Each structure stands twice: as C-alpha cells, then as structure tokens.
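Letter by letter, the chains look like this.
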Amino acid sequence: MLEVETDSLATNESVPAAAENPFAKYMPKPQVNYPVVPEHQQGFLKKVYVQTWGCQMNVADSERMLGLLGRMNYRPTEDVNEADFVLLNTCHIREKARHKVVSRLGELRPLKEKKPDLILAVAGCVAQAEAKSLAREVPFVDVIFGPDQIEELPALLETLATRGTAIGDAPHIHAEFNKEGYSIPVDVVPPYFDEGKHEVSKFINIVKGCNNFCTFCVVPYTRGREKSRVADEIIRETEFFVSKGVREIVLLGQNVNSYGLDLLDETHAHKKVSLETAGTLPFADLLYKVAAVPGVERIRFTTSNPHDFTPGLAAAFRDVKQICNAFHLPVQSGSDRILDRMNRQYTRAEYLERVGWIRAVRPDIAFSTDLIVGFPGETDEDFEETLSLVEEMKYAFIYAFKYSPRRGTPATRFKEQVPEAVKNVRLQKLLELQKRETERQNAAEIGLTREVLMLYRNRKDKGDESTWYGRSNEGRLVKVHSPRDLIGKLLQVKITGANATALEGHPA
Ligand code: 5AD
Ligand code: SF4
C-alpha cells in the first residue's frame, strides 16, 4: 500500500553540506555529543540556563539549542544564579503563556543588573510574534530571536560578544521567517542527547508551521506555513538516537498528518490531500520508514489535525506494530456550529468516522484530545455537545483550555465573546466528566499485564531511590518500585493500583 511520491521525499537536496554551512566553523567535526573537554580546561566552560514553556516542539527546539551551545562550550545548569547565558524559550498559544514569560523576565532583571555580562535571551513563539513590543516591555533583554533563527544562535552570540550586553543597549531582534524550507542537517546541528540522563524517548521534528488557520490559533503566524524535513534527515536522526540506546521516537509537528505535502512535486503540491479521496499520505509513508530502522521499538507522533487524516494513516496503525496504541486527535469542540466557526474543516460526524477507521484496526486504542471551552458564540447547547462527544469517545485523557483571544487571529473579532465566569464553569464541568472516565479506565487496568517502557526515576521525591516511571503502550503513566535501575527497560508490568493520574505495578 501507500504508493506516494517517495522519491521526492527521499532526496536530501535541501541538506546543505557541512562545508557550505556558515556555522560549520563552530562544528569542526560531525560530532554528535558535547566535545570532551580536558579537566584543566573545564573552568573555561560556560553555563547556560534554559527554561522552556509550551509544546513538545519547544522542548525539542530547546534541546537543539543546547546541542549547538554545547559546541560553543556551554553546559546546561539548573541554577540560574550561576548561568552566563539565560535562555527563555517561550510559548504564545494562550495569553497566560506570554504573561508567565514577562513576569519571569521581571524576576531575572536584578540578576542581569548584578551580572552585566549575563546574556539574557528570549526565543520561541512570543519572540517571533511580539519581538518589538517585548523589546519595549523588557528592554534589559539582550537578544530576541524566533524559532527560525535557532541555527543562527552561534552567530547571534558572536554578534553579542563584539557588541556587548550592557543594560541600556536595545535588544538585538532577529525574528524573520525562513522561507526556504526546513532542514536540520544531522551532521551540522547534532541531535542533542544527554549521555548522563540515559534518555530512552526522543522527539524528532518532522514538519514545522501550519496551513490550517483555525480561527483561534496563532501558530500559522508564529511558526509560518508548513515546511517538512526530507525523510532522509529524519531517518538519520532516528538512527543516531537508536545508536545511543533510545527505544521510542516521538515525531513532532503542529500538524504531522500533512507532513511531506509541501515536498511533493509541482503537480501534487497544490493538491491538498482531501479526506474523501486520499488513501495515501507521505506521513504514513514516513511512519513505515521510521519503523524500518532497526532498534525502533515504539513510535508516537503529535499533533494530528483530523482534517488531514486519511485511511492511509489508519492502515499504518494496522501494519506498523511499533506505532503505539494511543492516538492524540484534537477535536476542540463537539458542536458542528462551533467547529465551523473555528474553521476546523470537519464535522463531528467526520471526526467520529476517522476514529472509526482507527478503532476498526486497533479496537483497544487509547484516544486523547484537546478541547476549547468558551469559544466566541459557544452556547450552553454547543457546550452540551462537547460533553456528549467526550462521553461518547471515552478518551483516556483530555487537555481542556478556556478560549484565550490571540491578537491577529480572526476569532478575536468575533462577537459574542463568552464571559470568563461561564468559561470557568464549563471547564470545571468538562474536567470533572473526564476525570471520572480516566479513573474508570485506570481502575480497569488493575489486574492486567502491560508492556511499559521505563523512562525516568521519580524526580519529585529524590529521597525515594526505588521509584521508576514509564509509559504503557497506551500512554498511561506507570509507577514501578524496584531496587534495580529500570530506565530503558521494556518491562511486562502487572498493574496492581490506579488513580486518576497514574497506574502502579510490579514487573510480571
Ligand atoms: N485559546 C485556547 N486554547 C487554544 N489552543 C490553541 N489556541 C488556543 C486559544 N487561542 C489549544 C488548542 C490546541 C492546543 C495546543 O491549544 O486546543 O489544540
Ligand atoms: Fe493551530 Fe489549527 Fe494549525 Fe493546530 S491545526 S496548529 S490549532 S491552526
């Protein structure tokens, strides 16, 4: 199956050779991890403190920046007071996210005043969308740069080194969209991998931006139009991670289902794969390719827009055993009227139809979703439809948000904005409904044996050395007690306990 134009996806024409890359001088060899620094020179290493808000895409971007900074002899620190470089990677999806960044910068100002050489940078989507207003609001910041400037970080730092970082200098702004394409060549920008942490699951960016223009969403304005990485690059990154012991690959994009459509040749590029016609999809093809890399035990991906979902993807769920038994499929609302106003380009019935395609091949798959309450014009009846959809779907978990007006998006201009108090009540109702369902599903796990990929030690309770966390294939968090180091193990775990947030068990 899946006869798509793989040739156009498989070339790596857009990968610049290392020698042509303007930053190649910072990366003398295609080394993939931090260069080893002799002990007597370790005092010269600098420290970078990175704080990340928002989606997995931002987490992956922060890691990419850490990889690049590693080449420049920066090492991460968790203590902001000892940092030479403070990097805030920001999110713009809801208003609260911007407030958090501005208030964090307020907290950091005294540190910057005390240490004038400290470099203070704002990256990410707030930087992209609001560079100028941010520069006015927090003028003590040294550099503001967008997601498309990540690869230029070494050059930006070099500019700052010659220009200085004193308070009073206007922030250096760099936030233009790269209109070229999307390439993160593995040889030039080494994938970030922390040997010390024994990382088991890694994110890989496959497509950035979004063409869907949902009326509430800033992403098409902060991340631009969809641009996909060629499959070759993604496979090389997968191979690298697997060689380091990674067992789970999480493919990332604002809308992974439309991965690769921009790479198709001219005759196909204009033709958006439609729900009715397309049985094939470059994204499904990519899943087969990633699964073929020896050592890839699990594949997850996020996020999928139901609009771009085709039977080809359902077929991949049927054929590729490494694709986990969990699917995050944001619906946003259960009301057709609201879905239309959101410009989601599917109806409730079409959403359920797509769910049916997946359930036909994976009857016990765990669905999850994103929902917005209080979208402009949402009536009590519309909200009831959301509740009824959630009831019908039996999601494993949901992310629910109050609608937050974002400047520049069409929905801010819609009349009938819903009062905050109404949004609060609806959010509570929705969360309570789902909590009961999650508890019910988790309780039903007791007595079952699940395959769990162990990911990390309990970080909150440092005193408890014997508590480990992993995820079942269905994406449920599972706590396991063991005196042995379990990280990286794919265990059969007998589930013995459950609450609304996690399961508990012991190796079967
Ligand atoms: N207000 C509230 N929630 C939003 N999301 C995106 N934009 C907004 C907004 N303006 C939610 C959607 C999306 C998730 C990542 O964030 O549910 O799927
Ligand atoms: Fe935003 Fe809609 Fe694109 Fe998702 S599909 S990133 S909600 S515009």
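Just so it is clear, the structure is predicted and the values come from calculations on it, not from any experiment.

A. Looking closely at the overall build of the chain. When helices and strands are counted, the chain shows 14 helices and 19 strands. Looking at the chain alone, contacts between residues at least 24 apart form 77% of all its contacts between residues at least 6 apart. Entry remark: accessible area of the chain is about 22,000 Å², with carbon and sulfur atoms responsible for 53%.

B. Examining the site of ligand 1 more closely. Taken together, Ile93, Arg94, Phe216, Gln332, Asp370, Ile372, Phe401, Lys402, Tyr403, Ser404 and Arg406 make up the full set of residues near ligand 1. Counting only elements with at least two residues in the shell around ligand 1, the list comes to β13 (366-373) and β14 (397-402). Looking at the shell around ligand 1 residue by residue, the class counts come to five nonpolar, two polar and four charged.

C. The sheet that holds β14, seen in detail. Reading across the sheet, the three strands line up as β12-β13-β14 and stay open at both edges, with parallel pairing between neighbours. Across the chains shown, the open sheet's two edge strands, defined by having one partner strand only, are β12 (326-328) and β14. Neighbour to neighbour, the strand axes of the sheet diverge by 15 degrees on average, direction disregarded. The pairing of β12 with β13 spans three bridges and is parallel. Each bridged residue has a counterpart across the sheet, and for His328 the counterpart in β13 is Ser368.

D. Quick look at the confidence of the model for the chain. Confidence in the prediction of the chain, expressed as mean pLDDT, is 85, and 86% of residues score 70 or more. Ignoring residues within four places in sequence, the model shows residues 1-32, a span with pLDDT below 50, making 67 contacts including any to other chains. A low-confidence stretch, residues 267-271 (pLDDT under 50), is modelled with three contacts involving residues beyond four sequence positions or located in other chains.

E. The arrangement of the nonpolar core in detail. If you look at the biggest cluster of nonpolar residues, it comprises 56 residues, and the most contacted ones within it are Ile206, Leu251, Phe283, Phe301 and Phe327. Leaving out residues up to four positions away in the same chain, Phe301 has contacts with Leu251, Val256, Phe283, Leu287, Leu313, Phe317, Ile323 and Phe327. Membership of the second largest hydrophobic core comes to 26 residues, among which are Trp53, Ala127, Val138 and Val141.

F. Focus on the site of ligand 2. With respect to spatial proximity, the complete set of residues near ligand 2 consists of Cys210, Asn212, Phe213, Cys214, Phe216, Cys217, Val219, Pro220, Gln254, Asn305 and Arg344. Here the shell around ligand 2 is composed, by residue class, of seven nonpolar, three polar and one charged.

G. Geometry of the environment of Glu445. Among the secondary structure elements, Glu445 is positioned in helix α14 (residues 420-445). On the accessibility criterion, Glu445 (5% relative accessible area) is buried. Between the alpha carbons of Glu445 and Glu504 there is a distance of 9.8 Å; along the sequence they are 59 residues apart. A distance of 3.3 Å separates polar atoms of two side chains, one belonging to Glu445 and the other to Arg476.

H. Fine view of unusual backbone geometry. For the bond from Thr302 to Thr303, the omega torsion is 5 degrees, close enough to zero to count as cis. Along the chain, Thr303 falls in the loop between β11 (298-302) and α10 (311-319). In this structure, Asn343 takes a positive phi of about 60 degrees despite not being glycine. For Asn343, the position within the fold is in the loop between α11 (336-341) and α12 (348-361). If you check the backbone angles, Lys394 has positive phi at about 55 degrees while not being a glycine. In this fold, Lys394 is placed in the loop between α13 (380-393) and β14. Classification of Lys394 by relative accessible area gives partly exposed; the value is 43%.

I. Fine view of helix α7 (residues 231-243). Taking 1.5 Å per residue as the helical rise, α7 with its 13 residues ought to reach 18 Å, and the 18 Å between its terminal C-alpha atoms agrees with that figure. For α7, every residue scored as buried is listed here: Ala231, Glu233, Ile234, Ile235, Glu237, Thr238, Phe240, Phe241 and Val242. Downstream of α7 by one or two residues, Gly245 has phi in the positive range, about 100 degrees.

J. Seen up close, the pattern of salt bridges. Taken as a whole and judged by the stated rule, the model has 36 salt bridges. The salt bridge partner of Asp142 is Lys112, with a shortest N-O separation of 2.9 Å. Of this pair, Asp142 sits in the loop between α4 (124-137) and β5 (143-145) while Lys112 sits in helix α3 (residues 95-114); the two residues are 30 residues apart in sequence, bridging distant segments of the chain. Pair check on accessibility: Asp142 and Lys112 agree, each one buried. Its salt-bridge partner being Glu451, residue Arg298 comes within 3.3 Å of it at the nearest N-O pair. With Arg298 in strand β11 and Glu451 in strand β15 (residues 449-457), this pair connects stretches of sequence that are 153 residues apart. Residue class for Glu451 comes out partly exposed when judged on its relative accessible area of 29%. Taken together, the salt bridges that share partners define one network made up of Asp61, Arg64, Glu151 and Arg223.

K. The pairing of strand β10 (residues 248-252), seen in detail. Most of β10 is tucked away: five of the five residues are buried. Taking every second residue as pointing to the same face, both faces of β10 are buried, with Glu248, Val250 and Leu252 on one and Ile249 and Leu251 on the other. When strand β7 (residues 201-205) meets β10, the two strands line up parallel, connected through five bridges. Residue pairing in the sheet places Ile204 in a bridge with Leu251 of β10. Two elements, β10 and β11, share five bridges in a ladder whose sense is parallel. Residue pairing in the sheet places Leu252 in a bridge with Thr302 of β11.

What counts and how
Residues numbered from 1 in each chain as written. Chains lettered and ligands numbered in written order. Predicted model: local features only at pLDDT ≥ 70, side-chain atom pairs only at ≥ 80, totals over all residues. Heavy atoms only, no water. Helix = DSSP H or I, 4+ residues; strand = E, 2+ residues; numbered from the N terminus. Contact = heavy atoms within 4.5 Å. Areas by Shrake-Rupley, 256 points an atom, 1.4 Å probe, with all protein chains shown as cover. Near = heavy atom within 4 Å. Nonpolar A, V, L, I, M, F, W, Y, C, P; charged D, E, K, R; others polar. Pairing = 2+ DSSP bridges. Axes fitted to C-alpha atoms, helices over the stretch in contact; angles between N-to-C directions. pLDDT = per-residue confidence, 0-100. Core = buried A, V, L, I, M, F, W, Y, C linked by side-chain atoms within 4.5 Å. Buried < 20%, exposed > 50% of the residue type's maximum accessible area, 1.4 Å probe, protein only. Polar contact = N/O pair within 3.5 Å; in protein donor to acceptor, adjacent residues only side chain to side chain. Expected span 1.5 Å × (residues − 1). Salt bridge = Lys/Arg side-chain N within 4 Å of Asp/Glu carboxyl O.

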